[in-house]
Amino acid sequence: MRKEWVLKALDTGKHVLIELPVSMTVADYLEMIESAKKSGKFLMDGTMFMHHHRLEMFLEHVSSEKAFGNVKSIDIEFCVMHDDDNMDEHVWPSQHDDPYGVVGSLGWYCVRFGLLVF
């Protein structure tokens, strides 16, 4: 259902901020990106660090060969603290909204950050 509403919003001339996961398939996400390009509207994912001013500063520093040398690999760790009372609510996947649950979010943040560096 997410893709349907994103495409409708773009078709009516609205910018769209998508909560994670952005889509259930790569093909759906590519279709949304193409629609955003055609409409001239922004399609942004809800990855928090992507929209923070510190990211630009970090990328400037990590891309400096003088400071870091030639970066060939990075290690990324991301964790979430939960107590037993809300574990089921946040960790387990939902086939309609988030089929990968917290594992998908953890993977998304790590992969997204890695793609920025390289």
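Up top is the structure.
Attention here is on the structure that accompanies the text.

Parameters at a glance
- Residues numbered from 1 in each chain as written.
- Predicted model: local features only at pLDDT ≥ 70, side-chain atom pairs only at ≥ 80, totals over all residues.
- Heavy atoms only, no water.
- Buried < 20%, exposed > 50% of the residue type's maximum accessible area, 1.4 Å probe, protein only.
- Helix = DSSP H or I, 4+ residues; strand = E, 2+ residues; numbered from the N terminus.
- Arc of directions from axis to C-beta.
- Core = buried A, V, L, I, M, F, W, Y, C linked by side-chain atoms within 4.5 Å.
- Phe/Tyr/Trp six-rings, centres within 6.5 Å; stacked < 30°, edge-to-face > 60°.
- Lys NZ or Arg CZ within 6 Å of the ring centre and 35° of its normal.

1. Some words on helix α1 (residues 2–11)
- Looking at α1, one finds that the buried residues are Val6, Leu7, Ala9 and Leu10. Considered in projection along α1, the buried side chains sweep an arc of 160 degrees and stay on one side of the axis. Exposed residues on α1 whose side chains face more than 90 degrees from its buried face are Trp5 and Asp11.
- Directly after α1, the chain includes Gly13, whose backbone phi takes a positive value near 85 degrees.

2. Section: the nonpolar core
- The biggest cluster of nonpolar side chains holds 15 residues, and the ones touching the most others in it are Val6, Val16, Ile18, Met32 and Leu43.
- Contributions of two or more residues to this core are made by α1, β1 (16–18) and α2 (26–39).
- Ranked by residue count, the leading element in this core is α1, at four residues.

3. Observations regarding the packing of aromatic side chains
- Inspection of the entire model under this criterion finds three aromatic pairs.
- Measuring from ring centre to ring centre gives 5.2 Å for Phe49 and Phe113, while their planes differ by 75 degrees; the resulting arrangement is edge-to-face. With a gap of 64 residues between them, Phe49 in the loop between β2 (43–45) and α3 (53–62) and Phe113 in helix α6 (residues 101–117) connect regions that are remote in the sequence.
- In this structure Phe49 comes out as buried when scored by relative accessible area, which is 18%.
- What makes Phe113 partly exposed here is its relative accessible area of 24%.
- Against the face of Trp5 rests Lys8, its NZ or CZ located 4.4 Å from the ring centre.

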